[in-house]
Amino acid sequence: MADSAIVPLGRGGPRRARLAIRRRRCARFRRTQALVSDATFECEVAFSPFITLPAFAATMAAHEAHRAPVARSREVARLADSTFWPEGIDYDARTRRYYVASVRHRTIAEISPDGSTRELWPRDGAVVGAMFGVRVDASRGTLWATTSAVPQMANYGPADSTIAALLRIRIGDGTIERRWNIPPAPEGHTLGDLAIGPNGDVFVTDSNEPVLYWLRSGADTLESIRSPLFRSLQGIAPSADGRVLYVADYSHGILRDSRQSMVASSCGLGNADGWL
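Every value quoted in this text rests on a predicted model; they were computed, and no experiment measured them.

**A closer look at unusual backbone geometry**
Thinking step 1. The linkage connecting Glu209 with the following residue, Pro210, adopts the cis geometry, with an omega of -15 degrees.
Thinking step 2. As for its position among the elements, Pro210 is in the loop between strand S10 (202-206) and strand S11 (211-215).
Thinking step 3. Look at Trp85: it is not a glycine, yet its phi comes out positive at around 55 degrees.
Thinking step 4. Within the secondary structure layout, Trp85 lies in the loop between helix H2 (54-67) and strand S1 (86-92).
Thinking step 5. The backbone of Asp124 shows a phi angle near 65 degrees, a positive value even though the residue is not glycine.
Thinking step 6. With respect to the helices, strands and loops of the structure, Asp124 is situated in the loop between strand S4 (117-119) and strand S5 (130-137).

**Topic: the pairing of strand S8 (residues 176-181)**
Thinking step 1. Pairing analysis gives five bridges linking strand S7 (residues 164-170) to S8, with the strands arranged antiparallel. In the strand pairing of S8, Leu166 is matched with Trp180.
Thinking step 2. What sits between S7 and S8 in their antiparallel hairpin is a turn of five residues, with Gly174 showing a positive phi close to 75 degrees.

**Examining the sheet that holds strand S6 (residues 142-148)**
Thinking step 1. Taken in spatial order, the four strands line up as S5-S6-S7-S8 in an open sheet, and their pairing is antiparallel. Of all the strands in the sheet, the pair left with one neighbour each is S5 and S8. Within this sheet the neighbouring strands show an average axis-to-axis angle of 20 degrees, counted without direction.

**A look at the nonpolar core**
Thinking step 1. Judged by nonpolar contacts, the single largest core of 15 residues is most densely connected at Tyr99, Ile108, Trp121, Met131, Leu143 and Ile169.
Thinking step 2. Taken together, the elements giving at least two residues each to this core come down to strand S2 (97-102), S5, S6 and S7.
Thinking step 3. Each residue touching Trp121, except ones within four places of it in the same chain, is listed here: Arg106, Thr107, Ile108, Val128, Met131, Ile169, Gly174 and Ile176.

**Topic: the sheet that holds strand S12 (residues 223-225)**
Thinking step 1. Across the sheet, four strands lie side by side as S9-S10-S11-S12; this open sheet has antiparallel pairing. With partners counted over all chains shown, the strands left at the sheet margins are strand S9 (191-196) and S12, one partner each. Taken pair by pair, the neighbouring strands of this sheet meet at an average axis angle of 25 degrees, ignoring direction.
Thinking step 2. Sheet analysis places S11 next to S12, joined by three bridges and oriented antiparallel.

**Concerning H2**
Every α-helix winds through 3.6 residues per turn, so residues three or four apart in the chain are directed the same way.
Thinking step 1. Its 14 residues place the ends of H2 21 Å apart at the C-alpha level, agreeing with the 20 Å of an ideal helix rising 1.5 Å per residue.
Thinking step 2. Among the residues of H2, those classed as buried are Phe56, Thr59, Met60 and His63. Projection of H2 onto a plane perpendicular to its axis shows the buried side chains occupying an angular sector of 105 degrees, all on one side. In H2, those exposed residues whose orientation departs by more than 90 degrees from the buried face are Pro54, Ala58 and Ala65.

What counts and how
- Residues numbered from 1 in each chain as written.
- Predicted model: local features only at pLDDT ≥ 70, side-chain atom pairs only at ≥ 80, totals over all residues.
- Heavy atoms only, no water.
- Helix = DSSP H or I, 4+ residues; strand = E, 2+ residues; numbered from the N terminus.
- Pairing = 2+ DSSP bridges.
- Axes fitted to C-alpha atoms, helices over the stretch in contact; angles between N-to-C directions.
- Core = buried A, V, L, I, M, F, W, Y, C linked by side-chain atoms within 4.5 Å.
- Buried < 20%, exposed > 50% of the residue type's maximum accessible area, 1.4 Å probe, protein only.
- Contact = heavy atoms within 4.5 Å.
- Expected span 1.5 Å × (residues − 1).
- Arc of directions from axis to C-beta.

Remember that the coordinates give geometry; whether it matters functionally is a separate question.
If you want it as structure tokens, here you go:
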């Protein structure tokens, strides 16, 4: 509705009105161009009236700068099995080992600095479902992971459809020390990611129901947090002091959850998925 604001016409009024609307649109594009860097403006028909405007040149230049690749990555490890279907990953700085969850083979791979790989338990078993999130709690020598049933996992059967759990795993030998099962839901569960707070609290997102689960440090029961803003919960990250939780929601963007009020508020940025 902002584009329909009244503009004094006078001499050359219609043309001035069109230019004023275009200037306002260009200003909005400049404010948001960093959030739409997945395609070129030339590919979008909606932008065609603005591409040749001098006022739009700076926006186009900034947009192209944001699209430039960030070539600072390097390969640190490689899984020999192309059917592994990796999902979650984490790094243990003490041992310089990576931990990678497998959707297909229902296990977690430990990759050592020399590139050798050890699977924490035999693949394709019936004890767990597809492995999604994985996090190392280095200070406590524990590995946390989430598992859920999906048809893409090996040996999937109807009896597996209720699998959904948070796992506490002993890193040394892959023993599942504790398991928190999630009660079945009509649409099932997808425990896609988790995070560990600075005090040892564990947070788990369910993108299917959707619910945010909270296991307080030292507690034995998962608490569930619900909000009208929760629709498709994805990655999750606590603040350094543990008082605020940031949750990526694929539909509603970045959500901010205060640990004091348990009220989620949206920070914008749609189609949000993971957190680093």
